[in-house]
Amino acid sequence: MRAILSIAATGIAGLVAAVPAQAEVWVTFVNPQAFTDANLYAPRLVDQGSPALVGLQRIFERMGRRLPPGQDLHIDVVDVDLAGYFPPWRIPNPSLRVMEATIWPRIRFRYALSQEDRIVASGDETVTDMTYLQRPAVTRSAAPLRFEEPMLLDWSADRFGTPRHLAGSTRYCGS
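So, a few notes on the structure that sits alongside this text. Fair warning: this is a prediction, and the values are worked out from it, not measured in the lab.

**Observations concerning unusual backbone geometry**
- Unusually for a residue other than glycine, Asn-31 sits at a positive phi of about 50°.
- Along the chain, the position of Asn-31 falls in the loop between strand E1 (24–29) and helix H2 (51–65).
- Unlike most non-glycine residues, Asp-117 shows phi in positive territory, near 60°.
- Following the sequence through the fold, Asp-117 ends up in the loop between strand E3 (106–115) and strand E4 (118–128).

Here it is as structure tokens:
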């Protein structure tokens, strides 16, 4: 019995060693205080722990985990402009954002995709979605980053061939 367990453990260890490592993802927000609009609940109050930035980091990390094993993704976010805007008349409702067809989401970032310590793709991107209000599933959702997540998933699918919907995520949750 002990010999069988030893053989089984050796076989399992060999299989685990043969599986390539999952993709790593690093997300950095470069000077978030200068972002155009990266706060879901109040204008111009942004730091590394703001709900919008935490949600965007999770979206980027889930996108990166869908890459083939052995690839690593580095993302430096340089500007965020969330969908909609805070109205100038600001009633005391901190979660009120006005959505209009002319105020679409926009995220600027630099990325580098590497495999075996060699850069295989890189670039500066400005990702926008001018039709963000025309996505039926998104407009029915109440998730905080429901407009930004499908925009980033579309970018990832176009750039890296990853799925447009992430398994294991709540539909367009972003948090």
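Here the narrative resumes.
**Describing the pairing of E1**
- Here E1 shows one buried face, formed by Val-25, Val-27 and Phe-29, and one open face, formed by Glu-24, Trp-26 and Thr-28.
- Judged from the 6 bridges that link them, E1 and strand E2 (residues 71–81) form a sheet pairing that is parallel. Following the sheet pairing, Phe-29 is matched in E2 by Val-77.

**Concerning the pairing of E3**
- Across 10 bridges, the pairing between E2 and E3 is antiparallel. Note on E3: the bridge partner recorded for Leu-73 is Leu-113.
- Alignment of E3 against E4, held across 10 bridges, turns out to be antiparallel. Looking at the pairing, Arg-108 lines up with Thr-126 of E4.
- If you look at the hairpin formed by E3 and E4, you'll find 2 residues sitting between the two strands, and Glu-116 has a positive phi there, around 55°.

**Some details on H2**
- With 15 residues, H2 extends 21 Å between its outermost C-alpha atoms, agreeing within 8% with the 21 Å of an ideal straight helix rising 1.5 Å per residue.
- Turning to H2, its buried residues are Ala-52, Leu-53, Gly-55, Leu-56, Ile-59, Phe-60, Arg-62, Met-63 and Gly-64.
- Where H2 is buried, its residues contact E1, E2, E3 and helix H4 (148–160).

**Re the sheet that holds E2**
- Taken in spatial order, the 4 strands of this open sheet run E1-E2-E3-E4, and their pairing is mixed. Across the chains shown, the open sheet's two edge strands, defined by having one partner strand only, are E1 and E4. Averaged over all neighbouring strand pairs, the angle between strand axes comes to 15°, with direction disregarded.
- Strand contacts of H2: E1, E2 and E3, with the helix running at about 155° to E1, the strand carrying the most contacts.
- Contacts from H4 reach E2, E3 and E4 within the one sheet, and its direction differs from that of E3 by about 35°.

**A few points about the pattern of salt bridges**
- Enumeration according to the criterion identifies 7 salt bridges in this entry.
- Note that Asp-154 is salt-bridged to Arg-135, the shortest N-O span being 2.5 Å. Linking Asp-154 in helix H4 with Arg-135 in the loop between E4 and helix H3 (136–139), this pair joins segments that are 19 residues apart in sequence.
- Overlapping salt bridges bring together Asp-79, Asp-81 and Arg-106 as one network.

**What about the packing of aromatic side chains?**
- All chains considered together, the criterion is met by 7 aromatic pairs.
- Pairing Phe-29 with Phe-35 gives two aromatic rings, centres 6.5 Å apart and planes at 65°, and the pair type is edge-to-face.
- Take Phe-29: its relative accessible area is 4%, and that puts it in the buried class.
- Judged by its relative accessible area of 2%, Phe-35 is buried.
- Between Tyr-111 and Trp-155, the ring centres sit 5.3 Å apart and the planes meet at 75°, which makes this aromatic pair edge-to-face. Here Trp-155 lies in helix H4 and Tyr-111 lies in strand E3, a separation of 44 residues in the sequence.

What counts and what doesn't
Residues numbered from 1 in each chain as written. Predicted model: local features only at pLDDT ≥ 70, side-chain atom pairs only at ≥ 80, totals over all residues. Heavy atoms only, no water. Helix = DSSP H or I, 4+ residues; strand = E, 2+ residues; numbered from the N terminus. Buried < 20%, exposed > 50% of the residue type's maximum accessible area, 1.4 Å probe, protein only. Pairing = 2+ DSSP bridges. Expected span 1.5 Å × (residues − 1). Contact = heavy atoms within 4.5 Å. Axes fitted to C-alpha atoms, helices over the stretch in contact; angles between N-to-C directions. Salt bridge = Lys/Arg side-chain N within 4 Å of Asp/Glu carboxyl O. Phe/Tyr/Trp six-rings, centres within 6.5 Å; stacked < 30°, edge-to-face > 60°.

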